[in-house]
Amino acid sequence: MNKGIKQLILTLSLCAAMQCGAQLTSKKVFIEAPFDVIPTLPQLSRLDMIDYFEGGITKAVPTLFNDEAIIKALEDNHINVTTSESSAVDLYTTAIGNDSVIVFIETMMIPAQDSKVTLYDTEWKVIETLDGGTLEDWLTPEANKAKKLNDTMNTVSFMTSRANFDPTDGILTFVSTIDETLTQDNFTRVKYDLKQSREFKIGIKGFKPIERK
């Protein structure tokens, strides 16, 4: 597809997004995301990536940071894109009542998988930004009751976690990846004092923690 045709498609796509009846899909939000949301990939490069994936072609495109990006998964409400050897993004579309929102997950792989989540409205205004939380947030109720925070901090200086979102039930889950940063002995020392995951329920004003008993 030549550059002129791509530009025309991009213009038509942007115009369609202004129509009330336009369906919000992951492909649409990936193409139309503002440059400050996905600064490494110009919109024409994103169109190339869609072309390759839908055509069954396994081909990466260069990013503005001299890395390579490739789409790994594409569904109506989710797209997963590897943006470099050490980073990836996931975009989800979901509905909250009569409103649609966009869940944007950025995951870095170094020193361990660690995600940051941003919730946008359809005009790309930030509703909330969050990560997996502090070490204190990850302590189990038993460890909290035993006041093990200081002891745990002697082994774990910071928490890392990978985020996953399920658009069918609106649950955002951060899964601990702290085992990727510790020696086996150190992880064994703290693993029973730390939660394996933390869950949040999406709402129009942001994410609310879910406390499991």
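What counts as what
Residues numbered from 1 in each chain as written. Predicted model: local features only at pLDDT ≥ 70, side-chain atom pairs only at ≥ 80, totals over all residues. Heavy atoms only, no water. Core = buried A, V, L, I, M, F, W, Y, C linked by side-chain atoms within 4.5 Å. Buried < 20%, exposed > 50% of the residue type's maximum accessible area, 1.4 Å probe, protein only. Helix = DSSP H or I, 4+ residues; strand = E, 2+ residues; numbered from the N terminus. Contact = heavy atoms within 4.5 Å. Pairing = 2+ DSSP bridges. Axes fitted to C-alpha atoms, helices over the stretch in contact; angles between N-to-C directions. Patch = residues over 30% accessible without salt bridge, like charges linked within 9 Å, V, L, I, M, F, W, Y side chains within 5 Å. Areas by Shrake-Rupley, 256 points an atom, 1.4 Å probe, with all protein chains shown as cover. Salt bridge = Lys/Arg side-chain N within 4 Å of Asp/Glu carboxyl O. Phe/Tyr/Trp six-rings, centres within 6.5 Å; stacked < 30°, edge-to-face > 60°.

A. Region of interest: the nonpolar core. Ranked by internal contacts, the top residues of the largest apolar core, which has 25 residues, are V103, V117, L172, L194 and F207. Listing elements by their share of this core, those giving two or more residues are β4 (87-96), β5 (99-108), β6 (114-121), α4 (135-138), β8 (161-166), β9 (171-176) and β10 (197-203). For this core, the element with the highest residue contribution is β5, accounting for 3 residues. Sequence-distant contacts of V103, that is, excluding residues within four places in its chain, are made with D90, L91, Y92, V117, T118, L119, F165, I202 and F207.

B. Focus on the sheet that holds strand β7 (residues 126-131). Spatial strand order, β1-β2-β3-β4-β5-β6-β7: 7 strands in an open sheet with antiparallel pairing. The open sheet is flanked by β1 (61-62) and β7, the only strands paired with a single partner. Judged from the 8 bridges that link them, β5 and β6 form a sheet pairing that is antiparallel. Residue pairing across strands places V103 opposite L119, the latter belonging to β6. Sitting on the sheet, helix α3 (residues 43-54) touches β1, β2 (68-75) and β3 (78-84), and the angle it makes with β2 is about 55°.

C. Region of the structure containing a nonpolar patch on the surface. Residues F35, L64 and F65 make up a contiguous nonpolar surface patch of about 340 Å² in total accessible area. Considering the arrangement of structural elements, one finds F65 in the loop between β1 and β2. For F65, a relative accessible area of 54% translates into the label exposed.

D. Quick peek at the pattern of salt bridges. Taken as a whole and assessed by the stated rule, the structure comprises 5 salt bridges. Its salt-bridge partner being E54, residue K27 comes within 2.9 Å of it at the nearest N-O pair. Within this pair, whereas K27 is found in helix α2 (residues 26-32), its partner E54 is found in helix α3, the two being separated by 27 residues in sequence. Among the ionic pairs, E106 bridges to K116, the shortest N-O distance being 3.6 Å.

E. Region of interest: the pairing of β8. The side-chain alternation of β8 yields one buried face, formed by S161, A163 and F165, and one unburied face, formed by R162, N164 and D166. Where β8 lies against β9, 6 bridges are found, and the strand directions are antiparallel. Within β9, the residue paired with N164 across the bridge is T173. Counted between consecutive antiparallel strands, the loop separating β8 from β9 contains 4 residues, among which G170 sits at a positive phi close to 70°.

F. How the structure looks around the pairing of strand β11 (residues 206-210). Bridge count for β10 against β11 is 5 bridges, and the pairing is antiparallel. Within the sheet, the bridge partner assigned to G203 lies in β11 and is G206. In this structure, the hairpin formed by β10 and β11 is closed by a connection of 2 residues.

G. Region of interest: the packing of aromatic side chains. The full count for this structure, using the stated rule, is 5 aromatic pairs. Aromatic pair F165 and F207: ring centres 6.5 Å apart, planes at 80°, arrangement edge-to-face. Placement of the pair is F165 in strand β8 and F207 in strand β11, with a sequence separation of 42 residues. The class for F207 is buried, based on a relative accessible area of 8%. Here the aromatic residues Y92, F165 and F207 are joined through ring pairs into a cluster of three or more.

H. Structural detail: the environment of I210. As for its position among the elements, I210 is in strand β11. C-alpha of I210 to C-alpha of L172: the two residues are 38 residues apart in sequence and 9.7 Å apart in space. With sequence-adjacent residues up to four places away left out, I210 is seen in contact with I171, E199, F200 and K201.

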